[in-house]
Amino acid sequence: MYAFYSVAAWFWYAVIAAVLYGAHQIFTRMAADHIGEGLGGFVVEATAALSILSYLAFLWLANRWDQKSSLNGIVYSVLTGICVGAGTIAFFLLFQRGGPLSSVPAILAGGAAIMAVAGILFFREPPSWQRIVGIAFAVIGLFLLRKLESRLTI
């Protein structure tokens, strides 16, 4: 039982985020055949905004408000929102054009490789052999996805 508690403080948040983002892609795939990419993306993002607003209301009402802000934080958050919104539309279009749900892990691994490289280059995270191998596997996954795509279109 001790091993359960000996993980890093952020680990269980990572597990929850992985489950929720996995479910996010499954539901996006299910929705893609029934709603346009723009409207679907808007519904997804508006619902996400309402969920976060509910969380903020909870913090306020529970006297647990400790939300700081700065101009840089707001600018980077806006850029994040643009990326999330455009990415959501891209996934709707991917699924509407026949892209398989099973392609999502390789696509997200490509994003993970970009994040790992940025972590090493810009945030001074140590370039361990595990990170380098993970980046290589992510890039290989994208190439394998390309091979899968060419087989599906033949």
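Quick caveat, the model's predicted, so the values are computed rather than measured.

Basis of the calculations
Residues numbered from 1 in each chain as written. Predicted model: local features only at pLDDT ≥ 70, side-chain atom pairs only at ≥ 80, totals over all residues. Heavy atoms only, no water. Helix = DSSP H or I, 4+ residues; strand = E, 2+ residues; numbered from the N terminus. Buried < 20%, exposed > 50% of the residue type's maximum accessible area, 1.4 Å probe, protein only. Contact = heavy atoms within 4.5 Å. Areas by Shrake-Rupley, 256 points an atom, 1.4 Å probe, with all protein chains shown as cover. Phe/Tyr/Trp six-rings, centres within 6.5 Å; stacked < 30°, edge-to-face > 60°. Expected span 1.5 Å × (residues − 1). Patch = residues over 30% accessible without salt bridge, like charges linked within 9 Å, V, L, I, M, F, W, Y side chains within 5 Å. Salt bridge = Lys/Arg side-chain N within 4 Å of Asp/Glu carboxyl O. Axes fitted to C-alpha atoms, helices over the stretch in contact; angles between N-to-C directions. Parallel < 35°, antiparallel > 145°, perpendicular 65-115°, else oblique. Left-handed = near helix turned anticlockwise from the far one by under 90°. Nonpolar A, V, L, I, M, F, W, Y, C, P; charged D, E, K, R; others polar.

Explanation requested: the overall build of the protein chain in the structure shown.
Scanning the protein chain from terminus to terminus reveals six helices and zero strands. Going residue by residue from the N terminus, the α and β elements of the protein chain occur as α-α-α-α-α-α. Taken across its 154 residues, the protein chain has 15% of its residues classed as buried. Residue pairs in contact within the protein chain that sit at least 24 positions apart in sequence constitute 62% of those at least 6 positions apart. Carbon and sulfur atoms form 73% of the exposed surface of the protein chain, whose accessible area is close to 11900 Å².

Before we go on, may I ask you to explain the environment of A106 in this structure?
Among the structural elements, A106 can be located in helix α5 (residues 104–122). Under the relative-accessibility criterion, A106 is labelled buried at 16%. Distance in space between the C-alpha atoms of A106 and G141 is 5.3 Å, their sequence separation being 35 residues. If near-sequence neighbours (up to four positions away) are discounted, A106 is found in contact with G141, L142 and L145.

Where do I start with the packing of aromatic side chains in this structure?
In this description, a pair of aromatic rings is defined by centroid distance and the angle of the planes. Applying the stated criterion across every chain, the model contains three aromatic pairs. For the pair F11 and W12, a centre-to-centre distance of 4.9 Å together with 80° between the ring planes defines the contact as edge-to-face. What makes F11 partly exposed here is its relative accessible area of 31%. Taking relative accessible area as the criterion, W12 reaches 37% and is therefore assigned partly exposed.

Sorry, what's going on with α5 here?
Because the α-helix completes a turn every 3.6 residues, residues three or four places apart line up on one side. For α5, with 19 residues, the first-to-last C-alpha span of 26 Å sits near the 27 Å given by 1.5 Å per residue. If you check which residues of α5 are buried, you get V104, A106, G110, A113, A118, G119 and I120. R124 lies just past α5 and shows a positive phi near 55°.

Looking at this structure, I do not really get a nonpolar patch on the surface. What am I missing?
On the surface, a nonpolar cluster with roughly 1100 Å² of combined accessible area is contributed by V7, W10, F11, W12, Y13, V15, I16, V19, L20 and Y21. Tracing the sequence through the fold places F11 in helix α2 (residues 11–32).

Whenever I open this one, the packing of α2 against helix α4 (residues 71–96) confuses me. Can you help?
For any two helices packed against each other, the geometry is given by the interaxial angle and the distance between the axes. Relative orientation of the contacting elements α2 and α4 amounts to 55°, with a least axis distance of 9 Å. Here α2 is positioned oblique relative to α4, judged by the angle of their axes. Of the two elements, α2 crosses α4, and the hand of that crossing is right-handed. When α2 is examined against α4, the residues H24, Q25, T28, R29, A31 and A32 are found in contact with a partner set consisting of T88, F91, F92, F95 and Q96.

Please explain the packing of α4 against α5 as it appears in this structure.
In contact at an axis separation of 13 Å, α4 and α5 are set at 150° when each is read in the N-to-C sense. Considering their axes alone, α4 and α5 lie roughly antiparallel with respect to each other. In terms of crossing hand, the pair formed by α4 and α5 is right-handed. Note on element contacts: α5 touches α4 through V104, I107 and L108, opposite F91, L94 and F95. For the contact of α4 with α5, a count of residues per class yields six nonpolar, no polar and no charged.

No statement about biological role is implied by the geometric values presented.
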